[in-house]
Amino acid sequence: MPRSSETVAALASALAKAQAELINPEKSLIATIRTGRPGDGERSFRYAPLSSGLDIVRKTLGQHEIATLQTTAIDQTAGMVNLTTTLAHASGEWIASDWPVCPIAETANPQRMGAALTYPHRRNRRLGARPQCQPHQGRLAIHHQKCSHQT
């Protein structure tokens, strides 16, 4: 199955320009975590709301006529549900990649499957819809313990 249009020059040019304009969202929220270990107390950190990052990415990609599309498909051979992310440009050029989300057996648990689909969906959009979907610093395993597939 093709993973891109025959040419991607216009898409690559537009994506390079868009990525050069992307900025980090403001860390406007504060989280506090209790470690549960005696003497450790609490730890606080600042973070940006997901919506801020998505707003920045959507606006920037849109200004460069790049759309993101995401679909799911079942790979019977591998026994996995895959999320396909496609970047499409107004020129008609496109590039796609797959992210193995969870085993087919997990589709019986809608909440677990929804969580497994949500993480790569949000991550791809927040990172500028990178077509090379890879887990980042082991966070995939932390967020989705049983229902995710690590590469």
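Here the residue numbering is sequential within each chain, running from 1 through the sequence in written order. Reporting in this predicted model follows two pLDDT cut-offs: at least 70 for local features of residues, and 80 or more for side-chain atom pairs to be given and counted; totals over whole chains, interfaces and linings ignore these cut-offs and use all residues. Note that the side-chain values use all heavy atoms of the structure and ignore hydrogens as well as water.

Novice: I keep staring at helix α1 (residues 9-21) and nothing clicks. Help me out?
Specialist: For the α-helix, the turn length of 3.6 residues means that residues three or four positions removed from each other point alike. For the purposes of this entry, the term helix denotes a DSSP run of H or I that reaches at least four residues, the term strand denotes a run of E that reaches at least two, and both are numbered from the N terminus. One less than the residue count of a helix, multiplied by 1.5 Å, gives the span that helix is expected to have. Between its first and last C-alpha, α1 extends 19 Å over 13 residues, near the 18 Å set by a 1.5 Å rise per residue. Each residue is placed in one exposure class: buried if its accessible area under a 1.4 Å probe, protein chains only, is under 20% of its type's maximum, exposed if it is over 50%, and partly exposed if it falls in between. Considered for burial, the residues of α1 that qualify are L11, A14, L15 and A18. On an axial view of α1, the arc spanned by its buried residues comes to 100°, and they lie on one face. In α1, those exposed residues whose orientation departs by more than 90 degrees from the buried face are A9 and A20. Whether two residues touch is decided by their heavy atoms; if any such pair falls within 4.5 Å, the residues are in contact. At its buried positions, α1 is contacted by α2 (50-63), β3 (66-75), β4 (80-89) and β5 (94-103). By arc we mean the arc of the directions from the helix axis to the C-beta atoms, nothing more.

Novice: Before we go on, may I ask you to explain the packing of aromatic side chains in this structure?
Specialist: Think of a pair of aromatic rings as described by two things: how far the centres are apart, and how the planes are tilted against each other in angle. Within 6.5 Å between ring centres, the rings of Phe, Tyr and Trp (the latter by its six-membered ring) count as paired, and their orientation is classed by plane angle as stacked under 30 degrees, edge-to-face over 60, tilted in between. Under the counting rule described, the total for this entry stands at 1 aromatic pair. Their ring planes at 50° and their centres at 6.1 Å tell us that F45 and Y47 sit as a pair that is tilted.

Novice: It is not clear to me how the nonpolar core should be interpreted in this structure. Could you clarify?
Specialist: For soluble globular proteins, nonpolar side chains are generally found buried alongside one another. In terms of nonpolar packing, the biggest core is built from 8 residues, these being L11, A14, L15, A18, V57, L61, I66 and L87. Put simply, the parts of the chain that give this core at least two residues each are α1 and α2. The dominant element in this core, judged by the number of residues it contributes, is α1, at 4 residues. Note on terminology: a nonpolar core comprises buried Ala, Val, Leu, Ile, Met, Phe, Trp, Tyr and Cys residues joined through side-chain atoms within 4.5 Å. Counting 7 residues, the second-largest nonpolar core is a separate cluster that includes V101, C102, M113 and A116.

Novice: Just checking my understanding: could you explain the sheet that holds β5 for this structure?
Specialist: As a general point, the strands of a sheet are linked pairwise by backbone hydrogen bonds and lie either parallel or antiparallel. For two strands to pair, DSSP has to find at least two bridges joining them. Read from one edge to the other, the open sheet built from 3 strands follows the order β3-β4-β5, with strand pairing classed as antiparallel. This sheet does not close on itself; its edge strands, each paired only once, are β3 and β5. Here the strands of the sheet are splayed against their neighbours by 20° on average, with no regard to which way each runs. Across 9 bridges, the pairing between β4 and β5 is antiparallel. Across the sheet, residue T86 finds its bridge partner in β5, namely A96. Sheet contacts for α1: β3, β4 and β5; angle to β4, the most-contacted strand, approximately 90°. To get an axis, a line is fitted to the C-alpha atoms, and for a helix only the part in contact is used. The angle between two axes follows their N-to-C directions and goes from 0 to 180 degrees.

Novice: In this structure, what is going on with the pattern of salt bridges? I would like to understand it.
Specialist: For this document, the term salt bridge refers to a Lys or Arg side-chain nitrogen within 4 Å of an Asp or Glu carboxyl oxygen. In this structure the tally under the stated criterion is 3 salt bridges. Taking the shortest distance from any N to any O, the salt bridge between R3 and D98 comes out at 3.3 Å. Taken together, the positions of R3 in the segment before α1 and D98 in strand β5 put the pair 95 residues apart, joining distant regions of the chain. Classification of D98 as partly exposed rests on a relative accessible area of 36%. Residue R58 is joined to D55 by a salt bridge in which the shortest nitrogen-to-oxygen separation is 3.9 Å. Here R58 and its partner D55 are both found in helix α2, 3 residues apart, which amounts to about one turn of the helix. The exposure class assigned to R58 is partly exposed, which follows from its relative accessible area of 45%. Given a relative accessible area of 47%, D55 falls into the partly exposed group.

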